[in-house]
Amino acid sequence: MVEATTISPKFECRNPREIRNPSRDGLWSALGFEPPAASHCMSERENIFGRIREALRLTAPQPGLHDAAPRSGKRVTDLLPAVGRSFDENVALFHKNAVELKAEFRLLSSAEELRVTLANLRDADGWTRAASHSGQLTDAACQALGLPVLLTDTAFDKIELEKCPVGITECDALVAQTGSVVVTNRSAGGRALSVLPPHHVVLARRDQLVAGLPEAFALLKARYGADYPSMLSFITGPSRTGDIERILVLGAHGPKKLTIFCL
Amino acid sequence: MSTAAVQFKRDARRLSADRRHREIINTALNKYAVKRDEKKALFQDWEGARQLAAEIKWEAVNHLDRYLEQFVRGLEARGTQVHWASTAQQARDLIVGIARSRNARSIVKSKAMTAEEIHLNEALEKAGFEVVESDLGEFIVQLREEAPYHIVFPAMHLTRGEIRETFEKKLHDAPSDEPEELTMVARRVLRQKYLQADVGITGANFAVAETGMISITENEGNARLTAALPKTMITLLGIEKVIPRLEDLALLLPMLATVGAGQLISGYNTMYGGPRQAGETDGPEEFHVVLLDHNRTALLADAEQRDSLHCIRCGACLNVCPIYRNVGGHTYGTTYPGPIGGVITPNLRGLQDWKHLSYASSLCGACTEACPVKIDLAHHLLQNRRNASQQKPSLWQKIAFKLFAPVANCRVLWILVTKLGRLGQKLHPLVLGKPFDPAYVWTKTRDLPPVAQQSFKEWWRQRP
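What counts and what doesn't
Residues numbered from 1 in each chain as written. Chains lettered and ligands numbered in written order. Predicted model: local features only at pLDDT ≥ 70, side-chain atom pairs only at ≥ 80, totals over all residues. Core = buried A, V, L, I, M, F, W, Y, C linked by C-beta atoms within 7 Å. Buried ≥ 20, exposed ≤ 12 C-beta atoms within 10 Å, placed from the backbone. Helix = DSSP H or I, 4+ residues; strand = E, 2+ residues; numbered from the N terminus. Contact = placed C-beta atoms within 7 Å. Axes fitted to C-alpha atoms, helices over the stretch in contact; angles between N-to-C directions. Left-handed = near helix turned anticlockwise from the far one by under 90°. Nonpolar A, V, L, I, M, F, W, Y, C, P; charged D, E, K, R; others polar. Expected span 1.5 Å × (residues − 1). Pairing = 2+ DSSP bridges. Domains from an automatic or database assignment. pLDDT = per-residue confidence, 0-100.

**Some words on the nonpolar core**
Counting 190 residues, the largest nonpolar core has A:L174, A:I260, B:L64, B:L236, B:L252, B:V290 and B:C317 as its most contacted members. In terms of residue count, the dominant contributor to this core is helix α12 (residues 249-261) of chain B (ten residues). Setting aside chain neighbours within four positions, we find B:L252 in contact with B:A53, B:I56, B:F206, B:I243 and B:I312.

Shown next, in the form of structure tokens:
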């Protein structure tokens, strides 16, 4: 229940439309003109900033004003869902999240196991070609597949990429807390490779698993802080929609399948 | 009464008696509520998270000039072209101008409420471009030539049968009414559109000042494709979307997904800071960011309601609102329906024309409790009512209070009137529900509570 409103006199209530920019309008009206209606870009920027600065001369109430005791001062890691403390706990958490999201996750023990697993996947799904980018893990994977590979490291044809049944990429991090894969267009072969082919296979190293989202953002900052790539993306599960009667359907526009191999 | 108010009353009356509509909305929202509560429970401290999220947005909105400057500096450093629009018309002209200068023919769009707000699609179509909405829900309502029903679930009001009929009529392709097969029809159609489109238009959920990036939240991958394949990318966003730091997303992204869709985090959360950079092999050659005011600075100037600019457009307040759930999204006749629409629309589009939305509330406060960034929605609805009646008092209310005041101030009159009231209520059943019932305006949709059989004073005197 909410009680009838009480307005603290501190917060002066004004009709916003009465507030104008006196320094600008005043000069014009002193000269007997209407203030000018600006139409081009640069002055729109100044108009907007002028209105913002004028508006912010009044102070707004702090959030949590109506709460008995607003809880503040906690760190984000103490608010977000709990994460594991050891690698094993976090692998288990990532696995649980991946299963719930209908992504496939496998922890592999050797490069040999990855080769065998990929070859099995190739035969089961009948891949005749693949798309990937160069990298330590992806190079080994493409070799193991023994298929023609479209590489996105140099200029490529997006129509051809769309025809590839699988896109194989590396990543920047795996996030246990949410089951997300963190990619950038620098680490994962551009913007389209991880989203255009119907099956996205991610190859990650064990040391790329981080506990939570704050750690993932810290990692991105540490790695790219000085020069960010033009795209950072947190991919969580295969592409999905619930737009028809809130019923989950996978593969709305992006990949229908997401497979994550961790070495 | 404004034309908007007349339309609202008419549609609200029709839809609140429509049981089928209510069943569809309740089914969808009850499913959502289960998932939302499940995910909320995973947080170690949900209330603490709300407070911190509110503080982050407060910091950004109350230093908007500084953070906007930082945001724009970062974008421009990576070769992004930033444009400013004070009005909807300016924003439309800017975007049409960019598309024209690129000799574009087809445009693919990912979901953006800001684009709905400025009626961008109509402007682009009038200028001769083919515009396709790529979010499945938006695609469906676009085919039906309807406005989105909800800011997060645009096609929530439709059944699979209705969607199949729409696809059959407009796409001549509807194998069955299974959601899976219908989604695949849309996938096939839209894949070609992404590959052919010259321009991609997106909205943004957040604007990160620290790194000069926009952040887009989605589940389908349609925004990812829109930002990857066309040669030109345009992002339209309101100036209030700014947040100070990149790591603020670690809190805001899971909160948005939890209350917005009952997910711990959405399928794709992507930050874009510029067009294709040196050494990158795909992505747009040009990236334009259009920053829209459209009366947001007027709302900023109202310190009392400034926190309504904290809104992250999650739709949580719509989902819990008993009015929204009964009258439905289209009834509001605005881009932003529900409690947040009732708060901001009168401020953005005219208090007297839109004040009826601030009255479309039971003041239960569910919206205030649901809001992940602690916007004081229920109070703001009351403040809008107060401002509206201060600005233009209602004649009937003036007369009513003129009559009430002497009665309430005079003991004898008060006793007489309450006694008459008790007597009158005994006779009321004779006329109840008939148009000549003096309380008909009230009783045609509501029960009249009985006047107490004795006053407090009488009870006090008679107590043993």
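**Remarks on the packing of helix α3 (residues 46-61) of chain B against α12(B)**
Residue and element names in this part refer to chain B. Following both chains from N to C, one finds α3 and α12 inclined at 115 degrees, their axes separated by 10 Å at the closest point. The interaxial crossing formed by α3 with α12 has left-handed handedness. Facing α3, whose interface residues are A49, L52, A53 and I56, α12 presents L251, L252 and M255. When grouped by side-chain class, the residues that make up the contact of α3 with α12 number seven nonpolar, no polar and no charged.

**Regarding α12(B)**
All names here are of chain B. Its 13 residues give α12 an end-to-end C-alpha distance of 17 Å, which sits within 8% of 18 Å, the value for a rise of 1.5 Å per residue. With 13 of 13 residues buried, α12 lies mostly within the body of the structure. G262 sits one or two residues past α12 and shows a positive phi near 70 degrees.

**A closer look at the pairing of strand β10 (residues 286-292) of chain B**
Residues and elements named next belong to chain B. The buried fraction of β10 amounts to six of the seven residues, a majority that puts the element mostly inside the structure. For strand β1 (residues 81-85) and β10, the ladder comprises five bridges, and the chain directions are parallel. Bridge pairing in β10 places W84 opposite L291.

**Considering the sheet that holds strand β1 (residues 104-107) of chain A**
Residue and element names in this part refer to chain A. Spatial strand order, β1-β12-β7-β4-β2-β3: six strands in an open sheet with parallel pairing. Pairing within the sheet leaves two strands with one partner each, and these edge strands are β1 and β3 (149-151). Adjacent strand axes in the sheet meet at a mean angle of 20 degrees when their direction is disregarded. Examined bridge by bridge, strand β2 (residues 130-132) and strand β4 (residues 167-169) share two bridges and lie parallel to one another. Each bridged residue has a counterpart across the sheet, and for A131 the counterpart in β4 is G167. Contacts from helix α5 (residues 136-145) reach β2, β3, β4 and β7 (199-204), with the element oriented near 165 degrees to β2.

**Focus: the domain arrangement of chain B**
Residues and elements named next belong to chain B. Per the domain assignment, the segments making up chain B are domain 1 (1-42 + 317-392), domain 2 (48-294) and domain 3 (397-462). A straight line from the C-alpha centre of domain 1 to that of domain 2 covers 24 Å. Contacts between domain 1 and domain 2 engage 19 residues on the former and 22 residues on the latter. Each residue belonging to the side of domain 1 that touches domain 2 can be placed in one class, and the counts come to ten nonpolar, four polar and five charged.

**Some details on the sheet that holds strand β5 (residues 173-175) of chain A**
Read across the sheet, eight strands follow the order β8(A)-β5(A)-β6(A)-β9(A)-β9(B)-β6(B)-β5(B)-β8(B) without closing on themselves; strand pairing throughout is mixed. The two strands at the open ends of the sheet, each matched to only one other strand, are β8 (209-210) of chain A together with β8 (242-243) of chain B. Examined bridge by bridge, β5(A) and strand β6 (residues 180-184) of chain A share three bridges and lie antiparallel to one another. Bridging across to β6(A), A:L174 finds its partner in A:V181.

**Focus on the confidence of the model for chain B**
In the predicted model, chain B carries a mean pLDDT of 95, and 100% of its residues have values of at least 70. With pTM at 0.90, the complex prediction returns an ipTM value of 0.92.

**Focus: the interface of chain B and chain A**
If you look at the interface, chain B gives 96 residues, while chain A gives 81 residues. Along the lines of polarity and charge, the residues of the side of chain B that touches chain A split into 44 nonpolar, 29 polar and 23 charged. When strand β9 (residues 231-235) of chain A meets strand β9 (residues 268-272) of chain B, the two strands line up antiparallel, connected through five bridges. If you follow A:F234 over to β9(B), its bridge partner there is B:N269.

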